[in-house]
Amino acid sequence: MKIVSNIDNLEVLYQDNHIIVINKRVGDIVQGDKTQDKPLSDIVKDYLKREFKKPGEAFLGVVHRLDRPTSGIIVFAKTSKALSRLNESFKNRDTQKTYWAVVKDAPPKTEDILEHFLVRNPKNNTSRAHIKEVSNSKKAKLSYRIFHQFKKYSALEIDLFTGRHHQIRAQLSFIGCPIKGDLKYGFDRSNPDGGIHLHARSLSFTHPVTKEKMTITANPPSDVLWDQINA
């Protein structure tokens, strides 16, 4: 994907009058939280204000989110019309999300579909996977395939059928393949940048105004492992 611009480390993958698509960095929070760190949404607003010399506040609607330690594609709406239509599209799962993950060892199969029931624990902000349905659980389903093998790790391409809290992290951990750097889900050490090797690689969706079918891809951040895949 050709980068439209890269200003103040903000990687803009695509934008028009209605939407802007960003390649989120590890550590960015999409929307403000209790940490009071400046969220990506505010960084993008500042960018739009400077880029288009807006005298007042720039409108920006948050459509979906990624976990703070995760990198990859985030779509924002630049108009209220685009926001309402994108919200509906994401709610109805009229989108296709593909992720890349680098995990410990290798899964039991080269490719597979994983189905679990996840229970969220708000106290420690985790989700736990169960084989069978239990109280307060939600069904989670994804498919994966190994597309690159390292000495100690495997790179997986993952397609989501459901969108649950920490779904990929919890399901991969359950089969003995925690994501590299993900201490919360069983990996033995953190990454130097505090992130995890989970990247929102591509997103397919219908443009909220033009109705064009769009697929946008984003390269993962540069490091020793990701760079081997991108070589």
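Going by the structure above, here's the rest.
Residues numbered from 1 in each chain as written. Predicted model: local features only at pLDDT ≥ 70, side-chain atom pairs only at ≥ 80, totals over all residues. Heavy atoms only, no water.

A.B. asks: Please explain the environment of Thr126 as it appears in this structure.
C.D. replies: When you line up the elements, Thr126 lands in strand β8 (residues 126–130). A sequence separation of 62 residues divides Thr126 from Asp188, and the C-alpha atoms of the two residues are 17 Å apart. The contacts of Thr126, once residues within four sequence positions are left out, are Val119, Arg120, Asn121, His165, His166, Lys184 and Tyr185. (Helix = DSSP H or I, 4+ residues; strand = E, 2+ residues; numbered from the N terminus. Contact = heavy atoms within 4.5 Å.)

A.B. asks: Looking at this structure, how should I read the pattern of salt bridges?
C.D. replies: In a structure, side chains of opposite charge can pair up when their charged atoms sit close to one another. What the rule picks out here adds up to 11 salt bridges. The salt bridge partner of Glu57 is Lys45, with a shortest N-O separation of 3.5 Å. With Glu57 in the loop between α1 (40–51) and β4 (61–62) and Lys45 in helix α1, this pair connects stretches of sequence that are 12 residues apart. Among the residues examined, Lys45 registers a relative accessible area of 22% and is labelled partly exposed. Between Asp67 and Arg169 there is a salt bridge, with the nearest N and O atoms lying 3.1 Å from each other. Placement of the pair is Asp67 in the loop between β4 and β5 (71–77) and Arg169 in helix α3 (residues 167–174), with a sequence separation of 102 residues. The class for Asp67 is partly exposed, based on a relative accessible area of 26%. Given a relative accessible area of 6%, Arg169 falls into the buried group. The network of salt bridges with common partners includes Asp67, Arg169 and Asp182. (Salt bridge = Lys/Arg side-chain N within 4 Å of Asp/Glu carboxyl O. Buried < 20%, exposed > 50% of the residue type's maximum accessible area, 1.4 Å probe, protein only.)

A.B. asks: It is not clear to me how the layout of surface pockets should be interpreted in this structure. Could you clarify?
C.D. replies: A water-sized probe, rolled over the atoms, reveals where empty space remains. A volume near 1,400 Å³ is recorded for the largest pocket. Arg65, Leu66, Asp67, His165 and His166 are, among the 46 residues lining the largest pocket, the residues nearest its centre. Listing elements by their share of the lining of the largest pocket, those giving two or more residues are α2 (80–91), β6 (96–104), α3 and β11 (198–206). Ranked by the residues each element gives to the lining of the largest pocket, the list is headed by β11, at 4 residues. Counted by class, the lining of the largest pocket contains 16 nonpolar, 16 polar and 14 charged residues. Of the pockets and cavities examined, the second largest pocket occupies roughly 200 Å³. Along the walls of the second largest pocket sit Leu118, Val119, Arg120, Ser127, Asn136, Lys138, Gly163, Arg164 and His165, which together make up its complete lining. At 3 residues, the largest contribution of residues to the lining of the second largest pocket is made by strand β7 (residues 111–121). Classifying every residue of the lining of the second largest pocket gives 2 nonpolar, 4 polar and 3 charged. (1 Å grid on protein atoms, 1.4 Å probe; cavity = no way out; pocket = protein on both sides within 12 Å on 5 of 7 lines; lining within 4 Å. Points joined across faces, edges and corners; volume = space filled by probe spheres on them. Nonpolar A, V, L, I, M, F, W, Y, C, P; charged D, E, K, R; others polar.)

A.B. asks: What's the story with α3 in this structure? I'm lost.
C.D. replies: Side chains three or four residues apart in an α-helix point the same way, a direct result of the helix having 3.6 residues per turn. Among the 8 residues in α3, 6 count as buried, and that is most of the element. Of all the positions in α3, only Gln167, Ile168, Arg169, Ala170, Gln171 and Leu172 are classed as buried. Two residues or fewer after α3 comes Gly176, characterised by a positive phi angle close to 85°.

A.B. asks: Is there a simple way to think about the packing of aromatic side chains in this case?
C.D. replies: Each pair of aromatic rings is reported with the distance of its centres and the angle of its planes. Using the criterion set out here, one finds 3 aromatic pairs in the structure. Geometrically, the ring pair formed by Trp100 and Phe147 is tilted, given 4.8 Å between the ring centres and 35° between the ring planes. A residue pair is termed long-range when its members are at least 10 positions apart, and Trp100 in strand β6 and Phe147 in strand β9 (residues 138–149) qualify at 47 residues. For Trp100, a relative accessible area of 7% translates into the label buried. Positioned above the aromatic ring of Phe161 is the side chain of Lys141, whose terminal nitrogen or guanidinium carbon lies 5.0 Å from the ring centre. (Phe/Tyr/Trp six-rings, centres within 6.5 Å; stacked < 30°, edge-to-face > 60°. Lys NZ or Arg CZ within 6 Å of the ring centre and 35° of its normal.)

A.B. asks: Even after reading the chapter, I still don't get the nonpolar core, so can you show me in this structure?
C.D. replies: Side chains that are nonpolar tend, in soluble globular proteins, to be buried together. Core analysis: the largest hydrophobic core is formed by 33 residues, its most contacted members being Ile20, Val44, Phe76, Ile158, Ile168 and Leu172. A per-element tally of this core places α1 first, with 5 residues. Among residues more than four places away in sequence, those in contact with Phe76 are His18, Ile19, Ile20, Ile22, Val30, Leu40, Ser41, Val44, Leu60, Gly61, Val62 and Val63. Counting residues in each nonpolar core, the second largest holds 16 residues, with Leu13, Leu86, Leu203 and Ala218 among its members. (Core = buried A, V, L, I, M, F, W, Y, C linked by side-chain atoms within 4.5 Å.)

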